[in-house]
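Architecture at a glance
Next come the chains, spelled out residue by residue.
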Amino acid sequence: MHEFMSTRNNMEKVSASLAVLKGLADDGGLFMLNDFSKIQVDLNQIVNMDYHALAKYILGLLLDDYHEAEISQCVEKAYCKFDCEEVTPLVSVGEDYVLELFHGPTSAFKDVALSILPYLVTTALKKNKCDDEIIILTATSGDTGKAALEGFKDVDGCQIFVFFPDKGVSAVQKAQMITQQGKNVHVAAIKGNFDDAQNSVKTIFNNREYDIFMKEHKMQFSSANSINIGRLTPQVVYYFKAYADLVNQKTIKNGDLVNFVVPTGNFGNILAGYFAKMMGLPIAKLVCASNENNVLTEFMHTGCYNRNRVFKKTNSPSMDILISSNLERLLYLLSECNSEEVNQYMTNLKETGKYQICNEMLSKLHNEFYAGFATNEETQKMIHDVYQSTHYLMDTHTAVAYKVCDDFKQAKVNSYPNIILSTASPYKFTQSVYESLFGHCELNEFVLMKELSNKTNTPIPEGLKNLDQLTILHDTVIEKELIADYLFKKLGE
Ligand SMILES: *Cc1c(COP(=O)(O)O)cnc(C)c1O
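Worth saying up front: this structure is predicted, and the values here are computed from it rather than measured. (Residues numbered from 1 in each chain as written. Predicted model: local features only at pLDDT ≥ 70, side-chain atom pairs only at ≥ 80, totals over all residues. Heavy atoms only, no water.)

Brief notes about the layout of surface pockets
Estimates place the volume of the largest pocket at around 600 Å³. Along its surface, the largest pocket is lined by 23 residues, and Arg8, Asn199, Lys202, Met346 and Lys350 are the ones closest to its centre. At six residues, the largest contribution of residues to the lining of the largest pocket is made by helix α15 (residues 339-352). For the lining of the largest pocket, the class distribution of residues is six nonpolar, 10 polar and seven charged. (1 Å grid on protein atoms, 1.4 Å probe; cavity = no way out; pocket = protein on both sides within 12 Å on 5 of 7 lines; lining within 4 Å. Points joined across faces, edges and corners; volume = space filled by probe spheres on them. Helix = DSSP H or I, 4+ residues; strand = E, 2+ residues; numbered from the N terminus. Nonpolar A, V, L, I, M, F, W, Y, C, P; charged D, E, K, R; others polar.)

Here we look at the pairing of strand β5 (residues 96-100)
Among the five residues that make up β5, five are buried, leaving the element largely enclosed by the rest of the structure. Inspection of the sheet shows strand β4 (residues 90-93) paired to β5 by four bridges, in the antiparallel sense. Residue pairing in the sheet places Val91 in a bridge with Val98 of β5. In textbook terms, the turn of a hairpin is the stretch between consecutive antiparallel strands, and for β4 and β5 this stretch comprises two residues, one of which, Gly94, has a positive phi near 60°. By the bridge criterion, four bridges tie β5 to strand β15 (residues 418-422) in an arrangement that is parallel. Counted as the bridge partner of Leu99 is Leu421 from β15. (Buried < 20%, exposed > 50% of the residue type's maximum accessible area, 1.4 Å probe, protein only. Pairing = 2+ DSSP bridges.)

Some points on the sheet that holds β4
As summarised here, the arrangement of the six strands in space is β4-β5-β15-β10-β11-β14, forming an open sheet in which the pairing is mixed. Where the open sheet ends on each side, the last strands, each with one partner, are β4 and β14 (369-373). Each neighbouring strand pair of the sheet contributes to a mean axis angle of 25°, computed without reference to strand direction. Pairing between strand β11 (residues 283-290) and β14: five bridges, direction parallel. Along β14, the bridge assignment pairs Ala289 with Gly372. (Axes fitted to C-alpha atoms, helices over the stretch in contact; angles between N-to-C directions.)

With respect to the nonpolar core
In terms of nonpolar packing, the biggest core is built from 122 residues, with Tyr79, Tyr239, Phe240, Phe260, Phe267, Tyr355 and Ile419 touching the most fellow members. With residues up to four places along the chain from it excluded, the contact list for Tyr239 reads Phe260, Val262, Asn269, Ile270, Ala272, Gly273, Ala276, Leu281, Leu286 and Leu421. (Core = buried A, V, L, I, M, F, W, Y, C linked by side-chain atoms within 4.5 Å. Contact = heavy atoms within 4.5 Å.)

Considerations on empty space enclosed by the protein
Where empty space is left becomes clear once a probe the size of a water molecule has been rolled over the atoms. The full count for this structure, using the stated rule, is two cavities of 30 Å³ or more. Taken as a whole, the largest cavity encloses approximately 260 Å³ of empty space. Lining the largest cavity are 26 residues, and of these Phe109, Lys110, Gly265, Asn266 and Ser318 lie nearest its centre. Those elements that place two or more of their residues in the lining of the largest cavity are α7 (143-152), α11 (229-248), β10 (258-263) and α12 (268-278).

Concerning the pattern of salt bridges
In total, this model carries 27 salt bridges according to the counting rule given. Residues Lys153 and Glu150 are paired through a salt bridge, measuring 3.1 Å at the closest nitrogen-oxygen approach. Across the pair Lys364 and Glu336 runs a salt bridge, and its minimum N-O distance is 3.3 Å. With Lys364 in helix α16 (residues 359-368) and Glu336 in the loop between α14 (327-334) and α15, the pair connects residues that are 28 residues apart, well separated along the chain. (Salt bridge = Lys/Arg side-chain N within 4 Å of Asp/Glu carboxyl O.)

A look at the site of the ligand
As a matter of local geometry, the ligand sits amid 15 residues, with Lys110, Asp143, Gly265, Asn266 and Thr423 nearest to it. Contacts to the ligand include Asp143, whose side-chain N or O atom sits 2.4 Å from an oxygen atom. One of the backbone nitrogen or oxygen atoms of Asn269 is found 2.9 Å away from an oxygen atom of the ligand. Cavity membership is defined here by more than half of the atoms lying within 2 Å of grid points; on that basis the ligand lies in the largest cavity. (Near = heavy atom within 4 Å. Polar contact = N/O pair within 3.5 Å; in protein donor to acceptor, adjacent residues only side chain to side chain. Sits in = over half its atoms within 2 Å of the grid points.)

Some remarks on the pairing of strand β9 (residues 219-223)
The buried fraction of β9 is high, at four of five residues. Pairing analysis gives five bridges linking strand β6 (residues 133-139) to β9, with the strands arranged parallel. The partner of Glu133 across the bridge, within β9, is Met219.

Some words on the packing of aromatic side chains
According to the stated counting rule, one finds 19 aromatic pairs in the structure shown. Relative to Tyr486, the ring of Phe161 has its centre 6.3 Å away and its plane inclined at 90°; by these criteria the two rings are edge-to-face. Taken as a pair, Phe161 in strand β7 (residues 158-165) and Tyr486 in helix α21 (residues 483-492) lie far apart in primary sequence, 325 residues in all. Side by side, Phe161 and Tyr486 carry an identical accessibility label, which is buried. For the pair Phe267 and Phe369, a centre-to-centre distance of 6.0 Å together with 45° between the ring planes defines the contact as tilted. Taken together, the residues Phe267 in the loop between β10 and α12 and Phe369 in strand β14 connect sequence positions 102 residues apart. Here Phe267 matches Phe369 in class, with each residue buried. Here a set of aromatic residues connected by ring pairs shows up, and it is made of Phe205, Tyr210, Phe213, Phe221 and Phe488. The ring of Tyr66 carries Lys127 above its face, with NZ or CZ at 5.8 Å from the centroid. (Phe/Tyr/Trp six-rings, centres within 6.5 Å; stacked < 30°, edge-to-face > 60°. Lys NZ or Arg CZ within 6 Å of the ring centre and 35° of its normal.)

Comments concerning the packing of α12 against α14
When two helices pack together, their arrangement is given by the angle between the helix axes and by the axis-to-axis distance. Relative orientation of the contacting elements α12 and α14 amounts to 30°, with a least axis distance of 10 Å. In terms of orientation, α12 lies roughly parallel with respect to α14. The residues of α14 that touch α12, namely those facing Leu271, Tyr274 and Met278, are Arg329, Leu330, Leu333 and Leu334. Among the residues making up the contact of α12 with α14, the classes are represented as six nonpolar, no polar and one charged. (Parallel < 35°, antiparallel > 145°, perpendicular 65-115°, else oblique.)

As for the sheet that holds strand β1 (residues 4-6)
The three strands are arranged β2-β1-β3 in an open sheet whose pairing can be described as antiparallel. Since the sheet does not close on itself, it has two edges, and those belong to β2 (9-14) and β3 (31-32), each with one partner. Of the strand pairs in this sheet, β1 and β2 are connected by three bridges, and their pairing is antiparallel. Residue pairing in the sheet places Ser6 in a bridge with Asn9 of β2.

Comments concerning the packing of helix α13 (residues 295-302) against α16
Here α13 crosses α16 at 115°, and the two axes come no closer than 8 Å. The pairing of α13 with α16 is recorded here as roughly perpendicular in orientation. For the pair α13 and α16, contact is made by Phe299, Met300, His301 and Thr302 and by Leu362, Leu365 and His366, respectively. In terms of residue class, the contact of α13 with α16 is built from four nonpolar, three polar and no charged.

Have a look at this one:
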């Protein structure tokens, strides 16, 4: 059976289901596998699998203390909620391929993982004979929040708290969250940005003083953020699925190399791609695409991670992040599971806001990844140009990746097929998308949705229609320093 270790301490080891339950290791590290050599995927087998079968196969390999029947149930319940049978369809756009990950209930790629996470959590509770109530804490830059709320609403044995940056999300994202129904959901806006929210949540996790309260009340914290390994593992599946699709349509032969281009924020999605590579998927390069908060671009180029810079609000807000949590897992792997080294980087990051990796690690990084970024203007231009030339309508995050894919092709690193991950429906970011195509417009976002739909002849996703007519159920706004106060007040009620 696999052991999931803390990235900061190889002595702290748990099973897959316990890692899912806990979310974060006791020492503040992230749970991680240290050996992928025993979890290799048979590429010949996957070409004939549909999404459900593939998800069962891959998740069975990764989360190996769940029984086959348990995984099977989780998969069936999760992916019947998607609006197309393929779950994550691959479409060809120009000479590249776009992997659409936004066909779930909330129209963002977070649904792929968050539709199944609640089932993985409740199954883990039963397996480990735990009768504590699970308190899911979620910091969101916009999309995780809604996807987690949809996933966990009314799930027995769980309560969920979501904290989003008051001024940092799109009108649609905000409307989705503040109208959320469910008897176990709590949503609060914070006066701060995503990093503030994520830091507060991590601090609450690591604060031993809260243990007594939690034990007395028979409660346990867990996370719906991609710091939870249960969030990352379901995302490995679609990398294999996209590859199998290309093989099946005879664009490539089984075993040929491909590149994946990933719009990146917290480094979860792209790290899942790296897992896929280590499990045997023939990936040449993983291309890390950032917006103007281009900490990761600089890091990939220089090996210096430096968050001491101005936080920018961009038109791809779900990637407005300066501290990419999952990078810690990559450092752990690249350092050959040297938890002391990872610990040192994380201490430096906390104390000085930066760290520098050694040259050996940097050259490993360069072998696996390519990195670039797009400005707001470049993002808008990309939406416009691609729509003009192909009539493919994409959202701002996807456009960031599209632009960086262009740069990557210009750099002539290789000439393998490129698969761009599309992480949200254009209708989640209607204002920016509309403006990119037709210029500035003063109409409110919900009127614009209909305009955009009429003008481009594309449908508005069901879950986003009529959002503005729903009752607002959550109007709390709190100072970022008061997140813990708010939380424990609610938990005490
Ligand atoms: C969360 C999100 C991203 C970033 O994904 P990470 O896993 O955090 O790197 C990109 N695009 C959209 C639309 C998102 O919601």
